[in-house]
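# Inside the fold
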Amino acid sequence: MAERLELQNLVIETDTPSTSSPVTPNVTTSPKNQIKILGLLLAAISSLFFSLSSLIVKWLKDMDPLELAAIRFVGILLPSLPILIYSKQNPFPKGQRLMLLLRAFSGATALSLTFYAIRHMPLADASVIVFSVPVIVAIFARIFLKEPCGLFHYLTLFLTMIGVLLITRPPFLFGHSTKQYNFLGPLAALLSTFFAAIVYILLRALKNLHFSVIMVTFAAYSIIQTSTMAWATGNMCWPKCGTEKILVIALGVFSFSGQILLTIAVQLEEAGLVAIARTVDVVFAFVWQIIFFNEVPNIFSIIGAVLVTSSVILIGLRKWMMSMPSTSSIRKKFGFLFL
């Protein structure tokens, strides 16, 4: 889904006015810089947890993706509910109910489609396509929120489209037989990015609500939607004892851990830099694919991943630059990002 944007240096500072005093040889790291390092580190660790969740979904072939999605939502609901109760929030506030339900439906659908894509595609390919969400968000923000969309956004959209085409390799462009091509996996991955983009737009509209309200409503509704669909299709089953049950529990733990770490990272650091740090998710996906499934990505998948990841990095850099003062020399140097 949605959700994964992208380090040689963990801290990049804006220029400060020069002085004539000599440079002090021993410079201690300021608390602010330490927070930046911590925020980026937490974002990278959250990517590890999210990638492990995807690995488990790929691994548990005997369980339906809808059932696994329901289990993941349980892992989100159980820790979020005490926070809601402690903060004394109304879980279904008047005037926001329709928006909350739309956010829940879009989020549940996006995650279900993501799990389906992971099951029917190479892990890395599915992860890269789902990771292109920020580019779609920029387009949706232009349409629904009337946010500016210039040459930069069209460039990143073009790079992303080329990258996705190289990863999915549709028969009408690459010439292989349609009988051997499973289009359902790539289709599910692409649809998941659109639903995930809708989630981001709705979250902007719900930004004044406490996060526990959004999490509890989202998880509770999503459990109902995914478990009902799994039951209706006859795919609801209890996890087997042993390894399967352990992996199911790990799925819930990893999902919640990744979400919490990502939330803290965004509170500590600029969203653009957090997005850049999270691009390690793609690296993890390629590593798991090679180690656990012995699937070596071909040149098309690698080039496509580079194009999509580059687009996400550019969007993250642009967001970070926009947080700088207009007098910053770094912002002026990379002025092309604001075209």
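The shown structure was predicted, so the numbers you read here are calculated from the model rather than taken from an experiment.

### Observations concerning the overall build of the protein chain
- Regarding its fold elements, the protein chain presents 14 helices and zero strands.
- Ordering the α and β elements of the protein chain from the N terminus gives α-α-α-α-α-α-α-α-α-α-α-α-α-α.
- Split into buried and exposed, the 339 residues of the protein chain put 47% on the buried side.

### A short note on the environment of L78
- Relative to the helices and strands, L78 resides in helix α2 (residues 65–87).
- Relative accessible area serves as the criterion here: at 60%, L78 is assigned to the exposed category.

### Focus: the environment of I56
- Relative to the assigned elements, I56 resides in helix α1 (residues 31–59).
- It is 7.9 Å that separates the C-alpha atoms of I56 and V248, two residues lying 192 residues apart in sequence.
- Those residues within four positions of I56 in sequence are excluded, and the remaining contacts are L247, A250, L251 and F254.

### Overview of the packing of helix α3 (residues 97–120) against helix α8 (residues 184–205)
- Where α3 meets α8, the closest approach of the two axes is 7 Å, and the angle between their N-to-C directions is 155°. With respect to α8, the element α3 is oriented roughly antiparallel. Seen along the crossing, α3 lies across α8 with a hand that is left-handed.

### Here's the deal with helix α4 (residues 123–130)
- With eight of eight residues buried, α4 lies mostly within the body of the structure.
- Regarding α4, the residues found buried are L123, A124, D125, A126, S127, V128, I129 and V130.

### Focus: the nonpolar core
- Formed by 52 residues in total, the largest nonpolar core has its most connected members in L60, L68, F73, F115 and V128.
- Looking at which element gives the most residues to this core, the answer is α3, with eight residues.
- Filtering out sequence-adjacent residues up to four positions away, F115 remains in contact with V57, P65, L68, A69 and R72.
- L262, L273, V274 and M324 belong to the second-largest nonpolar core, a separate cluster that totals 15 residues.

### Side note on the side chain of Q289
- With respect to the helices, strands and loops of the structure, Q289 is situated in helix α12 (residues 280–293).
- With relative accessibility at 2%, the residue Q289 sits in the buried group.
- Polar contacts involving the side chain of Q289 include one to the main-chain amide nitrogen of L123, which spans 3.3 Å.
- Residues in contact with Q289, not counting those within four places in the same chain, are P122, L123, A124, D125, N294, E295, V296 and P297.

### Thoughts on unusual backbone geometry
- Phi is positive for K88, close to 55°, though the residue is something other than glycine.
- Checked against the element boundaries, K88 lands in the loop between α2 and α3.
- For K88, a relative accessible area of 75% translates into the label exposed.
- The backbone phi angle of N294 is positive, close to 55°, even though this residue is not glycine.
- Along the polypeptide, N294 turns up in the loop between α12 and α13 (299–322).
- Among the residues examined, N294 registers a relative accessible area of 65% and is labelled exposed.

### Let's talk about the confidence of the model for the protein chain
- Per-residue pLDDT for the protein chain has a mean of 79; in total, 81% of the residues score no lower than 70.
- Within the protein chain, no element has a lower average pLDDT than helix α7 (residues 171–174), which sits at 66, and none a higher one than α3, at 92.
- Confidence drops under a pLDDT of 50 for residues 1–35, and excluding neighbours within four residues, the segment shows 59 contacts in the predicted structure.

### Notes on the packing of aromatic side chains
- Inspection of the entire model under this criterion finds six aromatic pairs.
- Here the aromatic rings of F105 and F195 are separated by 6.2 Å at their centres, their planes lie at 80°, and the arrangement is edge-to-face. Here F105, found in helix α3, pairs with F195, found in helix α8; they are 90 residues apart in sequence, far enough to count as distant.
- Looking at F195, the relative accessible area reads 22%, which means it is partly exposed.
- One aromatic cluster is present, formed by W59, F284, W288 and F292 through successive ring pairs.
- One Lys or Arg, R103, reaches over the ring of F218 and ends 4.0 Å from the middle of that ring.

### As for the packing of α2 against helix α9 (residues 211–232)
- Relative orientation of the contacting elements α2 and α9 amounts to 150°, with a least axis distance of 7 Å. The angle between the axes of α2 and α9 places the two elements in the roughly antiparallel class. Our pair here, α2 against α9, has a crossing hand that is left-handed.
- Within the contact of α2 with α9, the residues separate by chemical class into 20 nonpolar, six polar and one charged.

### Regarding α12
- Counted at 1.5 Å a residue, the expected span for α12 with its 14 residues is 20 Å, and the 19 Å between its end C-alpha atoms agrees.
- Every buried residue of α12 is listed here: D281, V282, A285, F286, W288, Q289 and F293. Buried residues in α12, looked at end-on, bunch into an arc of 165°, giving them a common side.
- Positioned one or two residues after α12, N294 has a phi angle of 55°, which is positive.

Thresholds, definitions, all that
- Residues numbered from 1 in each chain as written.
- Predicted model: local features only at pLDDT ≥ 70, side-chain atom pairs only at ≥ 80, totals over all residues.
- Heavy atoms only, no water.
- Helix = DSSP H or I, 4+ residues; strand = E, 2+ residues; numbered from the N terminus.
- Buried < 20%, exposed > 50% of the residue type's maximum accessible area, 1.4 Å probe, protein only.
- Contact = heavy atoms within 4.5 Å.
- Axes fitted to C-alpha atoms, helices over the stretch in contact; angles between N-to-C directions.
- Parallel < 35°, antiparallel > 145°, perpendicular 65-115°, else oblique.
- Left-handed = near helix turned anticlockwise from the far one by under 90°.
- Core = buried A, V, L, I, M, F, W, Y, C linked by side-chain atoms within 4.5 Å.
- Polar contact = N/O pair within 3.5 Å; in protein donor to acceptor, adjacent residues only side chain to side chain.
- pLDDT = per-residue confidence, 0-100.
- Phe/Tyr/Trp six-rings, centres within 6.5 Å; stacked < 30°, edge-to-face > 60°.
- Lys NZ or Arg CZ within 6 Å of the ring centre and 35° of its normal.
- Nonpolar A, V, L, I, M, F, W, Y, C, P; charged D, E, K, R; others polar.
- Expected span 1.5 Å × (residues − 1).
- Arc of directions from axis to C-beta.

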